[in-house]
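Residue-level structural notes
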Amino acid sequence: MRKSRITGAFTGIAIAALALAACSSGTPGDDSTSSGDAGDTGDTGSTSNPWTVATGVTIDGSPTFDAITAAGKVTIGVKEDQPGLGYLDPVTNERTGFDVDIARWIAASLGYDEDQIEFTAIPSANREQAIINGDIDYYVGTYSITDARKELISFAGPYFITGQGLLVAADNDSITGKDSLTADDIVCSATGSTSIQRIKEETPAQTKEYDTYSACVEDLKNGQVDAVTTDEAILIGYAAQDPDNLKVVGDVFSEERYGVGITKGDTAFQEFINTMFTDGGDIWQAIFEKNLGASGVTGTQPAVDPVE
Ligand code: GLU
């Protein structure tokens, strides 16, 4: 930890509050979520969602789709402590966020409504194993596509692109970006993330690891660490929750391409999701606006890449 610190002088950069409870923009989007053999679309079960629940969907040659059909429900791995992206409200028990809605949109395109979805929170370090074990049908949670992960699983997407950043105390004027980090700084991140790996490889800072980023943010607020590092889209969500005490600093220093984690080699399922993304630009936009539009997170829908 650095000793000298100006306290109380800074109010932090103003970040608009996340529209966590905002209703959707109402953009109906199109219904073309099929990959050639999806059937008619039916009632959404909810008037506020920009997607519709498909009926009569089949995906030939997809072990994942067969497992979902046999179970009669979709089991999805998510994060639940990342406001704006994947968040479980401890009071209302409601799940919100860009990733959670992307996950719901995929389920709806497969023919499954909210009451046929089982969400399960899985931390960064355990994602590949959960997919390999078949504990989940797919994972949507700030999950960067990397070559190392593609050895173990496959990805659909990318559906979003962000970059690694730094979150510090609002009164910290010594950490201004990645290149300002010194061996005196303690930087916290999640085990198994690209973020912890990069900060170890590319900076002299000391590191601290937890399962979750929210644990790191608690340490930052308590003065136990000097910075939290992960994707800027995640950090902006934490800063928006406590703008008087936290701020995001510096330029991003990586490119993180978010994919949907699926069973390795299930190309039929991968193509189904990729076609959904390609055809569903209006739906993607409505999901983005609803969850991240007011947050200061910028982004446009990236083109999918058949990343096998
Ligand atoms: N996107 C990065 C990763 O997949 C960091 C965020 C996370 O841990 O989910 O490792």
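Everything below is about the structure printed above this text.
Scope of this entry: the structure provided in the associated data block. (Residues numbered from 1 in each chain as written. Predicted model: local features only at pLDDT ≥ 70, side-chain atom pairs only at ≥ 80, totals over all residues. Heavy atoms only, no water.)

The local shell around the ligand holds 17 residues, among which S124, T142, S144, Y213 and D231 are the closest. In this structure, an oxygen atom belonging to the ligand sits 2.9 Å away from a side-chain N or O atom of R127. Within the side chain of Y213, a nitrogen or oxygen atom sits 2.6 Å from an oxygen atom of the ligand. Within the complex, the protein chains bury 100% of what would otherwise be the 280 Å² of accessible surface of the ligand. Counting residues per element, the ones that place at least two in the shell around the ligand are α5 (194-202), β11 (227-231) and β13 (256-263). The residue makeup of the shell around the ligand, split by class, is four nonpolar, eight polar and five charged. (Near = heavy atom within 4 Å. Polar contact = N/O pair within 3.5 Å; in protein donor to acceptor, adjacent residues only side chain to side chain. Areas by Shrake-Rupley, 256 points an atom, 1.4 Å probe, with all protein chains shown as cover. Helix = DSSP H or I, 4+ residues; strand = E, 2+ residues; numbered from the N terminus. Nonpolar A, V, L, I, M, F, W, Y, C, P; charged D, E, K, R; others polar.)

Moving on: the state of the cysteines. Evaluated as defined, the whole model comprises one disulfide. There is a disulfide in this structure between C188 and C216, and the S-S distance comes to 2.1 Å. In this structure, the disulfide formed by C188 and C216 twists by about -70° around the S-S bond and is classed as left-handed. Placement of C188 in strand β9 (residues 186-190) and of C216 in helix α6 (residues 213-221) is noted, with a sequence separation of 28 residues between them. Given a relative accessible area of 0%, C216 falls into the buried group. (Disulfide = S-S within 2.5 Å. Buried < 20%, exposed > 50% of the residue type's maximum accessible area, 1.4 Å probe, protein only.)

Ordered in space as β10-β9-β11-β8-β12, the five strands form an open sheet in which the pairing is mixed. Looking at the sheet topology across the chains shown, the edges are occupied by β10 (206-210) and β12 (246-249). Neighbouring strand axes in the sheet, compared pairwise and without regard to direction, differ in orientation by 30° on average. Across five bridges, the pairing between β9 and β10 is parallel. The partner of A190 across the bridge, within β10, is Y210. With respect to the sheet, α5 is in contact with β8 (164-169), β9, β10 and β11, its orientation differing from that of β10 by roughly 165°. (Pairing = 2+ DSSP bridges. Axes fitted to C-alpha atoms, helices over the stretch in contact; angles between N-to-C directions. Contact = heavy atoms within 4.5 Å.)

Here we take up the packing of aromatic side chains. A complete count under the given rule lists 13 aromatic pairs for this structure. Aromatic pair Y138 and F269: ring centres 6.0 Å apart, planes at 50°, arrangement tilted. In this pair, Y138 sits in strand β6 (residues 138-139) while F269 sits in helix α8 (residues 267-279), placing the two residues 131 residues apart along the sequence. Given a relative accessible area of 0%, F269 falls into the buried group. Connected via pairs of aromatic rings, a cluster forms that spans F98, W105, Y159, F160, Y258, F277, W284 and F288. (Phe/Tyr/Trp six-rings, centres within 6.5 Å; stacked < 30°, edge-to-face > 60°.)

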